Amino acid sequence: MQRKQTANLHIQKTNRTNIYQLLRQNGGITKQEIIHQLQLSLPTVTQNIKSLISEGLIMEDGFVGHTGGRRAKTYSIVRNARTAVGLDITRNHITAVAVDLTGGVIAQHRERYKFERSDSYYKHLGVIIKNLVEKASLAEKQILGVGIGLPALVTEDNQTIFYGEILKFTGATCKEFSKYIQYTTALCNDANAAGFAEFWIRRTPGSAFYLMLSNNIGGAVVINNQIFGGSHFHSGEIGHLTLYPQGKPCYCGQKGCVDAYLAATVLSSLCDGNLADFFQLLEQRNQKAVKLWDSYLDSLALTVNNLQAVFDSKVILGGYVGEYMEKYIDDLKRRAVKLNSFEKDADYLDVCRYKTHSIAAGAALNFIVQFIDSI
Ligand SMILES: [Zn+2]
């Protein structure tokens, strides 16, 4: 008897979750469509819709059908019933976003502000979040939490940085960062956050590799819809894979690493560190820029081809350079195909969608996904 009751409760919870998920993916649908798509009974659907409405998670949002005939109500989720805030902290910038339950960015802020491990910096983070919450007109109870994306390796419980040499903050804790933040807070690795955001927004279940082409190279492995951390939470760190034996020296002390060839600084160094200026020069067919871009694309083709060989999944290009890749993706695909004896095209390659917000959005999405799973 006890076992049967438990099983029934489980089915009820699954029905509720499935109805919510269906509405999250396809807004504006009727009860009949829910019944049809999920193969549920009318009383089950009616009861779940009623309870989801009373909790403020879904709403009636219109009618379908002809006037005169019977018109059916349609339902959608309340996108901002809950929201989460994400921060992206780099050496010189802070990006903050608020995202809703669909992963949509509802407010954003970006400013140049130099990182330092100090009380005044943490106070400033508190101010940024307070302003963002006001800008998005969010009530405290709508906010699930604040995710902080960092160029660092973070422990599994999201509380401590165990390797943070880029910003020299190894050992820093979530408690330290959130001293002036009134919400639940979690730290996360920047590439994993961005990779998860790019994967999640595509709504194609499965696996992917996210290649972050920023001032340092990062990567994230998604397997079966989840970030695969590896045994020591640094899987996907492909920046120090050897691309050319005995090649250019890398800051890590080795030679020929991916990072030495694909870091955004390889391009921006032509323009005093300004990547936008580099792509402008490229547009103007400046000879130096064209030559540099040509060799960059060759190295990138080699790298993505290696990734495809290992992962046999989508490879998403993000980071600072990823923001500009849309225009050059066909050229890259042509180069990648030439290196591969098994693939006829390079359709596994994809370009990031969140652009500058991917890390912050991904840091926030951790809370969104946890909440959706709990419905
Ligand atoms: Zn290296």
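Reading the values: the criteria
Residues numbered from 1 in each chain as written. Predicted model: local features only at pLDDT ≥ 70, side-chain atom pairs only at ≥ 80, totals over all residues. Heavy atoms only, no water. Patch = residues over 30% accessible without salt bridge, like charges linked within 9 Å, V, L, I, M, F, W, Y side chains within 5 Å. Areas by Shrake-Rupley, 256 points an atom, 1.4 Å probe, with all protein chains shown as cover. Salt bridge = Lys/Arg side-chain N within 4 Å of Asp/Glu carboxyl O. Helix = DSSP H or I, 4+ residues; strand = E, 2+ residues; numbered from the N terminus. Axes fitted to C-alpha atoms, helices over the stretch in contact; angles between N-to-C directions. Parallel < 35°, antiparallel > 145°, perpendicular 65-115°, else oblique. Contact = heavy atoms within 4.5 Å. Nonpolar A, V, L, I, M, F, W, Y, C, P; charged D, E, K, R; others polar. 1 Å grid on protein atoms, 1.4 Å probe; cavity = no way out; pocket = protein on both sides within 12 Å on 5 of 7 lines; lining within 4 Å. Points joined across faces, edges and corners; volume = space filled by probe spheres on them. Buried < 20%, exposed > 50% of the residue type's maximum accessible area, 1.4 Å probe, protein only. Pairing = 2+ DSSP bridges. Donors = N, O, S within 2.8 Å, 3.2 Å for Na, K, Ca; no water. Phe/Tyr/Trp six-rings, centres within 6.5 Å; stacked < 30°, edge-to-face > 60°. Lys NZ or Arg CZ within 6 Å of the ring centre and 35° of its normal.

Draft legend 1. Representation of a nonpolar patch on the surface in the model. Together, Phe162, Tyr163 and Phe233 make up an exposed nonpolar region whose accessible area comes to about 280 Å². As for its position among the elements, Phe233 is in the loop between strand S13 (226–227) and helix H7 (258–262).

Draft legend 2. The packing of helix H9 (residues 275–283) against helix H10 (residues 287–311), seen in detail. At their nearest, the axes of H9 and H10 sit 8 Å apart, and the two run at 105 degrees to each other. With respect to H10, the axis of H9 lies roughly perpendicular. Note on element contacts: H10 touches H9 through Ala289, Val290, Leu292 and Trp293, opposite Phe278, Phe279, Leu281 and Leu282. Considered class by class, the residues forming the contact of H9 with H10 number eight nonpolar, no polar and no charged.

Draft legend 3. Here's a closer look at empty space enclosed by the protein. All chains considered together, the criterion is met by one cavity of 30 Å³ or more. There is about 50 Å³ of room inside the largest cavity. In this structure, the largest cavity is lined by Leu153, Asn189, Asn192, Gly219, Ile227, Phe228, Gly229, Phe233, His234, Ser235 and Glu237. Residue classes in the lining of the largest cavity are distributed as four nonpolar, six polar and one charged.

Draft legend 4. Region of the structure containing unusual backbone geometry. Even without a glycine there, the phi angle at Arg203 is positive, about 55 degrees. In this structure, Arg203 sits in the loop between helix H6 (190–202) and strand S11 (208–213). We note that Lys355 has phi near 55 degrees; this positive angle belongs to a residue other than glycine. On the secondary structure map, Lys355 appears in the loop between strand S15 (349–351) and helix H13 (358–374). The partly exposed category is assigned to Lys355, whose relative accessible area is 29%.

Draft legend 5. Structural context of the sheet that holds strand S5 (residues 93–99). As summarised here, the arrangement of the five strands in space is S6-S5-S4-S7-S10, forming an open sheet in which the pairing is mixed. In this open sheet, the two edge strands, each paired with only one partner strand, are strand S6 (105–112) and strand S10 (185–189). Looking at each pair of strands side by side, their axes are set apart by 15 degrees on average, direction ignored. Sheet topology places strand S4 (residues 83–89) next to strand S7 (residues 143–150); five bridges connect them, and they run parallel.

Draft legend 6. Local environment of the coordination of the zinc ion. Every protein donor of the zinc ion is listed here as His240 (ND1), Cys250 (SG), Cys252 (SG) and Cys257 (SG), and their distances to the metal cover 2.0 to 2.3 Å. Positions of the donor residues of the zinc ion along the chain correspond to the pattern H-x9-C-x1-C-x4-C. Placement of His240 in the loop between S13 and H7 and of Cys257 in the loop between S13 and H7 is noted, with a sequence separation of 17 residues between them. His240 gets classed as partly exposed once you look at its relative accessible area, which sits at 34%. On the basis of relative accessible area, Cys257 is assigned to the buried category, the value being 1%.

Draft legend 7. Representation of the pattern of salt bridges in the model. Tallied over the entire structure, the rule returns 15 salt bridges. Glu60 is the salt-bridge partner of Lys73, the closest N and O atoms lying 3.4 Å from each other. One end of the pair, Lys73, is in strand S3 (residues 72–77); the other, Glu60, is in strand S2 (residues 58–64), with 13 residues separating them in the sequence. Taking the relative accessible area as the measure of exposure, Glu60 reaches 45% and is therefore partly exposed. Here Asp350 and Arg202 are joined by a salt bridge, their closest N and O atoms 3.0 Å apart. One end of the pair, Asp350, is in strand S15; the other, Arg202, is in helix H6, and 148 residues separate them in sequence. With relative accessibility at 18%, the residue Asp350 sits in the buried group. Since its relative accessible area comes to 10%, Arg202 is described here as buried. Salt bridges linked by common partners bring Glu198, Arg202, Lys314 and Asp350 together as one network.

Draft legend 8. Structural detail: the sheet that holds S15. Here we have five strands laid out as an open sheet, ordered S13-S12-S11-S14-S15, and mixed in their pairing. Only two strands of the sheet have a single neighbouring strand rather than two, namely S13 and S15. Sheet topology note: the S11/strand S14 (residues 314–318) ladder contains five bridges and is parallel. Along S14, the bridge assignment pairs Leu211 with Leu317.

Draft legend 9. View of the packing of aromatic side chains. Taken as a whole, this structure holds 16 aromatic pairs when the rule is applied. On the numbers, 5.4 Å between centres and 80 degrees between planes, the contact of Phe115 with Phe169 is edge-to-face. Remark: Phe169 occurs in the loop between strand S9 (161–163) and helix H5 (174–177) and Phe115 occurs in the loop between S6 and helix H4 (119–135); sequence separation between them is 54 residues. Here Phe115 matches Phe169 in class, with each residue buried. Through pairs of rings, three or more aromatic residues link up here, namely Tyr113, Phe115, Tyr121, Tyr122, Phe169 and Phe177. Note that Lys248 overlies the ring of Tyr261, its terminal NZ or CZ placed 4.9 Å from the centroid.

Draft legend 10. Spatial organisation of the pairing of S5. Summarising burial for S5: seven of the seven residues are buried, a large majority. In S5, alternate side chains face the same way, and those of His93, Thr95, Val97 and Val99 on one face and Ile94, Ala96 and Ala98 on the other are all buried. What sits between the antiparallel neighbours S4 and S5 is a turn of three residues. Pairing between S5 and S6: seven bridges, direction antiparallel.

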